[in-house]
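# Observations on the model geometry
The primary structure of each chain is shown beneath.
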Amino acid sequence: KKEGEKKRKRKNKSKPRWKKSKINTYVYIQGLPLDTDVEEVAEFFSKYGVLRTDEVTGKPLVKLYRDDAGGLKGDGRVGFL
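A quick note: this is a predicted structure, and the numbers were derived from the prediction, not measured. (Residues numbered from 1 in each chain as written. Predicted model: local features only at pLDDT ≥ 70, side-chain atom pairs only at ≥ 80, totals over all residues. Heavy atoms only, no water.)

### Notes on the overall build of the protein
What the protein contains, in helices and strands, is one helix and three strands. For the protein, the sequential pattern of α-helices and β-strands runs β-α-β-β. Here the protein, with 81 residues, has 21% of them falling under the buried criterion. When the accessible area of the protein is evaluated, it comes to approximately 8000 Å², of which 51% is carbon and sulfur surface. (Helix = DSSP H or I, 4+ residues; strand = E, 2+ residues; numbered from the N terminus. Buried < 20%, exposed > 50% of the residue type's maximum accessible area, 1.4 Å probe, protein only. Areas by Shrake-Rupley, 256 points an atom, 1.4 Å probe, with all protein chains shown as cover.)

### A closer look at the pairing of strand β2 (residues 62-66)
Where β2 lies against strand β3 (residues 72-79), four bridges are found, and the strand directions are antiparallel. Within β3, the residue paired with lysine 63 across the bridge is arginine 77. Counting the residues that bridge the hairpin from β2 to β3 gives five residues, and of these glycine 70 lies at a positive phi of roughly 100 degrees. (Pairing = 2+ DSSP bridges.)

### A look at the environment of arginine 77
Its location among the elements puts arginine 77 in strand β3. Arginine 77 sits in the partly exposed class, given a relative accessible area of 31%. Arginine 77 sits 14 residues away from lysine 63 along the chain, and the two C-alpha atoms are 5.3 Å apart. Sequence-distant contacts of arginine 77, that is, excluding residues within four places in its chain, are made with Tyr26, Val27, Tyr28, Ile29, Leu61, Val62, Lys63 and Tyr65. (Contact = heavy atoms within 4.5 Å.)

### Regarding the packing of aromatic side chains
Inspection of the entire model under this criterion finds two aromatic pairs. Centroid distance phenylalanine 44 to phenylalanine 45: 5.2 Å. Interplanar angle 85 degrees. Geometry classified as edge-to-face. Classification of phenylalanine 45 as buried rests on a relative accessible area of 15%. Put simply, the rings of Phe44, Phe45 and Tyr48 pair up and form one aromatic cluster. Cation over ring: arginine 77 sits above tyrosine 26, and NZ or CZ is 4.6 Å from the ring centre. (Phe/Tyr/Trp six-rings, centres within 6.5 Å; stacked < 30°, edge-to-face > 60°. Lys NZ or Arg CZ within 6 Å of the ring centre and 35° of its normal.)

### Considering the sheet that holds β2
Sheets are built from strands that pair by backbone hydrogen bonding, the pairs being arranged parallel or antiparallel. Strand order in the open sheet formed by three strands is β1-β3-β2, and the pairing between neighbours is antiparallel. What marks the edges here is a single partner per strand, and that holds for β1 (26-30) and β2. Each strand axis lies, on average, 20 degrees off the axis of its neighbour in the sheet, ignoring direction. In terms of strand pairing, β1 meets β3 through five bridges, oriented antiparallel. For valine 27, the partnering residue across the bridge sits in β3 and is valine 78. (Axes fitted to C-alpha atoms, helices over the stretch in contact; angles between N-to-C directions.)

What follows is the structure, given as structure tokens:
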């Protein structure tokens, strides 16, 4: 080596190059009847996979969206594992 040249540092190869992305396991649903309840939606979608459970209540993780007056809007989301 010539005088005055600095020694190159090698990059640490042990670090993973890709970050693990968050996995979105929620399914958005729309077109629900306005008289639907959470239990009915949970029963229907449990046929297609294991539903997440709410850590606090222990019930299936289903969210039905409501308007300002408190009535159902006809859409929601279901969380799968």
